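Tertiary structure, described
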2 protein chains.
Amino acid sequence: VTHDHPPGRVVAVLGRGLVAADQPILRADDLGALRGEGIFETMHVRAGQAWLLDAHLDRMTRSADRLSLPLPDRTQLVELAELALSAWPAAEGALRLSVTRGPEDGGPPTVYATVFAVTAPTRAARRDGISVLTASLGYPVHARTSAPWLLGGAKTVSYAVNMASQRWAQQQGAQDVLWISTDGYALEAPTSTLIWLDGRRLCTVPATSTGILAGITAQWLLSHADELGYEAAEQLVRPAELAGAAGVWLVSSVRGLAEIRILDHVARPACEATAKLAAVLGFPD
Amino acid sequence: VTHDHPPGRVVAVLGRGLVAADQPILRADDLGALRGEGIFETMHVRAGQAWLLDAHLDRMTRSADRLSLPLPDRTQLVELAELALSAWPAAEGALRLSVTRGPEDGGPPTVYATVFAVTAPTRAARRDGISVLTASLGYPVHARTSAPWLLGGAKTVSYAVNMASQRWAQQQGAQDVLWISTDGYALEAPTSTLIWLDGRRLCTVPATSTGILAGITAQWLLSHADELGYEAAEQLVRPAELAGAAGVWLVSSVRGLAEIRILDHVARPACEATAKLAAVLGFPD
């Protein structure tokens, strides 16, 4: 592939093919930029492939349903991902697939794929763990259960609160936030899923009843719990209970497994299980 | 002005000038489209001017502060708006000013202005009033007061829930939603501000303590309450209290004043004050 692009980023647009990364692709009236009306999935690129692509496309289909967003055929999405990956060197990376509602006055969705490098802070978080602050998400734990217009479980691009939450933590020297419901349960992080060890049980927060995002990488890990000698479980948890757990991690598709080593300014001992979980997940160091 | 654009939409981009409406202006990695990291203001265009431009730019500055988003000088924003308006015919319209965080790997914000026509359904809502359904916003009324990362009061482009709420209402034959807190107070609509008549008091919901958006057009109207023989007031209200009010309206910058004529499937008598309020606001029929 000879198409010109800045190092570290490939862009492919449905209906147009590969384009230079600095070339604009969205109109001023694209509802993705005007109203955050779009959905996305981010995947880990390893050995030239998007890891867990099928599961991510399944979740994208559920997100599209919740937004009444017309999605291209799955074959077209897979081919677009493959086109972007074909221009990426044989190195670790991240693939993001984005679908917006397109121009405000009608017209097809804007569909594009980008591949980009994994940053040094992301690799450091895998290796060294992270410092996390809890912060309210403003919702009672079951507020979104029977309110589909609140888009619980949909991975939309309307992430301003997600980004502001992470900025708030970073301004205080932490790396990430763990959102808490107004009634005191841990929910999820702005771009990752909470898992923890409760004895021999490898646990996560139930997605359907809480409106959090069902984490693809976390679900994959829990589906391999028995290989690791654990039992997978979904349950609600309070931060005080997490303080007593043998291990607590945030899991996401690109950062992979990041152990929470400091929670609300209190250091936690390193968990012996971290290396074992990381080995199963197979992210590079 | 001879620049080519489809009827009904003008686009001007900071640093580039007028561009065709169908020409892409945002890169694939623009954080406005990737993460809903952008802010906007929409204004009514009358007599070739953006009405209440200063107040909208003041609110945009507050939104930018809450998102830690670098905003161009106010002079540049005003000149950009004037450039877009210079290409608009002497007709009613809407001006939208948008600022996104720009490319993910750094680079300046993307700043653009668009002018577009007011739609027939919008004009019909002014004339005939609207049917509105109440729906939970998921938050307790004061959940966002002391949680700045939840971006209360910031007008961001992360509007997926706003749009989904309106779609939900429209699927049931209504035109709009009135969001309710989990503890039962009316808050705001997805793109407009609630006002109502309580005797001689023209009321709205307090913005600072609830995290709702401070409505520019509603505030302007309340600041003219005494000319209308009313006293302006900010207070919390429950839907059952609205049912007994002489008049209930949703107010926004482009639709202007829309009387709620049906609330949760119950018809309300037309309010005699609607014509008087509309005359002060000065939107065309």
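One can find the structure itself at the top, above this paragraph.
Predicted model only: the values in this text are computed from it and were never measured.

A separate point is the overall build of chain A. When helices and strands are counted, chain A shows eight helices and 15 strands. Here chain A has a C-alpha radius of gyration of 19 Å; the compact-globule value for 285 residues is 19 Å, and the two agree. In terms of overall dimensions, chain A has a C-alpha envelope of 55 × 40 × 35 Å along the principal axes. For chain A, the proportion of its 285 residues judged to be buried stands at 61%.

Residues and elements named next belong to chain B. The end-to-end C-alpha separation of helix α2 (residues 53-66) is 20 Å, in line with the 20 Å expected for 14 residues at 1.5 Å each. For α2, every residue scored as buried is listed here: Leu 53, His 56, Leu 57, Arg 59, Met 60, Ser 63 and Ala 64. Taken end-on, α2 shows its buried residues confined to a sector of 160°, consistent with a single buried face. Exposed side of α2, more than 90 degrees from the buried face: Asp 54 and Asp 65 are the residues found there. For α2, the secondary structure elements touched by its buried residues are β4 (38-46), β5 (49-50), α3 (74-86), β6 (93-100) and α6 (216-223).

On to the interface of chain B and chain A, then. Between chain B and chain A, the contact holds 51 residues from the first and 51 residues from the second. Together chain B and chain A conceal approximately 4,400 Å² of surface at their shared face, both sides included; 59% is due to carbon and sulfur atoms. Among the residues chain B hides against chain A, the three largest losses belong to Ala 28, Arg 35 and Trp 149 of chain B. Together they make up 17% of the total. The interface formed by chain B and chain A includes eight salt bridges. For Arg 9 of chain A, the salt bridge identified is with Asp 29 of chain B, shortest N-O distance 3.5 Å. Secondary-structure elements contributing two or more residues to the side of chain B that touches chain A are β1 (9-13), β3 (26-27), α1 (31-35), β6, β7 (110-116), β8 (130-136) and α5 (160-171) of chain B. Here the side of chain B that touches chain A takes eight residues from α5 of chain B, the largest share from any one element. Its residues assigned to classes, the side of chain B that touches chain A shows 26 nonpolar, 14 polar and 11 charged. Note that strand β3 (residues 24-26) of chain A and β3 of chain B share two bridges and pair antiparallel.

Superposition of chain B onto chain A requires a rotation of 180° combined with a translation of 0.0 Å along the rotation axis, giving an RMSD of 0.0 Å. Accordingly, the operation relating the two chain copies is best matched by a two-fold axis.

Before going further, it helps to examine the packing of α6 of chain B against helix α8 (residues 274-281) of chain B. Residues and elements named next belong to chain B. At a closest axis distance of 10 Å, the pairing of α6 and α8 adopts a crossing angle of 105°. By the angle between their axes, α6 is roughly perpendicular relative to α8. Seen from α6, the contacting residues are Thr 217, Trp 220 and Leu 221; seen from α8, they are Leu 277, Val 280 and Leu 281. Partitioning the contact of α6 with α8 into residue classes produces five nonpolar, one polar and no charged.

In this section: the environment of Ile 262 of chain A. All names here are of chain A. Among the structural elements, Ile 262 can be located in strand β14 (residues 256-263). Owing to a relative accessible area of 31%, Ile 262 belongs among the partly exposed residues under this scheme. Sequence spacing of Ile 262 and Pro 103 is 159 residues, and the spatial spacing of their C-alpha atoms is 44 Å. When sequence neighbours within four positions are dropped, the list of residues in contact with Ile 262 reads Ile 130, Ser 131, Val 132 and Ala 267.

Next up on the list: the sheet that holds β4 of chain B. Residue and element names in this part refer to chain B. Read across the open sheet, the six strands follow the order β2-β1-β7-β6-β4-β5; overall the sheet is antiparallel. Here the strands that pair on one side only, and so sit at the sheet edges, are β2 (17-19) and β5. One ladder, built from eight bridges, connects β4 with β6; its direction is antiparallel. Residue Thr 42 lies in a different strand from β6, and its bridge partner there is Arg 96. Lying on the sheet, α3 is in contact with β1, β2, β4, β5, β6 and β7; it crosses β7 at an angle near 35°.

Residue and element names in this part refer to chain A. Its place among the elements puts Glu 259 in strand β14. There is no salt bridge for the buried Glu 259, and the closest opposite charge comes from Arg 261, which lies 4.3 Å off by N-O distance. Of the polar contacts made by the side chain of Glu 259, one reaches the side chain of Thr 274; its length is 2.8 Å. Discounting residues that sit within four places of it in the chain, Glu 259 has contacts with Gly 129, Ile 130, Val 248, Trp 249, Pro 269, Ala 270, Cys 271 and Thr 274.

Let's shift gears to the sheet that holds strand β5 (residues 49-50) of chain A. Residue and element names in this part refer to chain A. Spatially, the six strands line up as an open sheet ordered β2-β1-β7-β6-β4-β5, and their pairing is antiparallel. Every interior strand has two partners, whereas the edge strands, β2 (17-19) and β5, have only one. Note that strand β4 (residues 38-46) and β5 share two bridges and pair antiparallel. For Arg 46, the partnering residue across the bridge sits in β5 and is Gln 49. Lying on the sheet, helix α2 (residues 53-66) is in contact with β4, β5 and β6 (93-100); it crosses β4 at an angle near 175°.

Next up on the list: the nonpolar core. Grouped together as the largest cluster of nonpolar side chains are 76 residues, with contacts concentrated most on Leu 194, Trp 196 and Leu 242 of chain A together with Leu 194, Trp 196 and Leu 242 of chain B. Sequence-distant contacts of Trp 196 of chain B, that is, excluding residues within four places in its chain, are made with Arg 201, Leu 202, Cys 203, Thr 204, Val 205, Gln 235, Val 237, Leu 242, Ala 245, Gly 247, Val 248 and Trp 249 of chain B.

This part covers the packing of aromatic side chains. Enumeration according to the criterion identifies nine aromatic pairs over all chains in this entry. With centroids separated by 4.3 Å and ring planes inclined at 45°, the aromatic side chains of Trp 168 of chain A and Trp 149 of chain B adopt a geometry described as tilted. Separated into two different chains, Trp 168 of chain A in helix α5 (residues 160-171) and Trp 149 of chain B in the loop between β8 and α5 make up a pair that spans both. Given a relative accessible area of 10%, Trp 149 of chain B falls into the buried group. Each ring, one from Phe 40 of chain B and one from Tyr 159 of chain B, has its centre 5.3 Å from the other, and the planes form 80°; the classification is edge-to-face. Here Phe 40 of chain B is found in strand β4, whereas its partner Tyr 159 of chain B is found in the loop between β8 and α5, with 119 residues between them in sequence. Each of the two residues, Phe 40 of chain B as well as Tyr 159 of chain B, counts as buried.

All names here are of chain B. With seven of seven residues buried, β7 is to be regarded as a mostly interior element. Here β7 shows no split at all, with Thr 110, Tyr 112, Thr 114 and Phe 116 on one side and Val 111, Ala 113 and Val 115 on the other all buried. One ladder, built from five bridges, connects β1 with β7; its direction is antiparallel. Each bridged residue has a counterpart across the sheet, and for Val 13 the counterpart in β7 is Tyr 112. In this structure, β6 lies alongside β7, joined through seven bridges in antiparallel fashion. Within the sheet, the bridge partner assigned to Thr 100 lies in β7 and is Thr 110.

Thresholds, definitions, all that
- Residues numbered from 1 in each chain as written.
- Chains lettered and ligands numbered in written order.
- Predicted model: local features only at pLDDT ≥ 70, side-chain atom pairs only at ≥ 80, totals over all residues.
- Heavy atoms only, no water.
- Helix = DSSP H or I, 4+ residues; strand = E, 2+ residues; numbered from the N terminus.
- Rg over C-alpha atoms; globule rule 2.2 N^0.38 Å.
- Buried < 20%, exposed > 50% of the residue type's maximum accessible area, 1.4 Å probe, protein only.
- Expected span 1.5 Å × (residues − 1).
- Arc of directions from axis to C-beta.
- Contact = heavy atoms within 4.5 Å.
- Buried area = accessible area lost by both parts, 1.4 Å probe.
- Salt bridge = Lys/Arg side-chain N within 4 Å of Asp/Glu carboxyl O.
- Nonpolar A, V, L, I, M, F, W, Y, C, P; charged D, E, K, R; others polar.
- Pairing = 2+ DSSP bridges.
- Least-squares fit on C-alpha atoms with pLDDT ≥ 70 in both.
- Axes fitted to C-alpha atoms, helices over the stretch in contact; angles between N-to-C directions.
- Parallel < 35°, antiparallel > 145°, perpendicular 65-115°, else oblique.
- Lys, Arg positive; Asp, Glu negative; His and termini not counted.
- Polar contact = N/O pair within 3.5 Å; in protein donor to acceptor, adjacent residues only side chain to side chain.
- Core = buried A, V, L, I, M, F, W, Y, C linked by side-chain atoms within 4.5 Å.
- Phe/Tyr/Trp six-rings, centres within 6.5 Å; stacked < 30°, edge-to-face > 60°.

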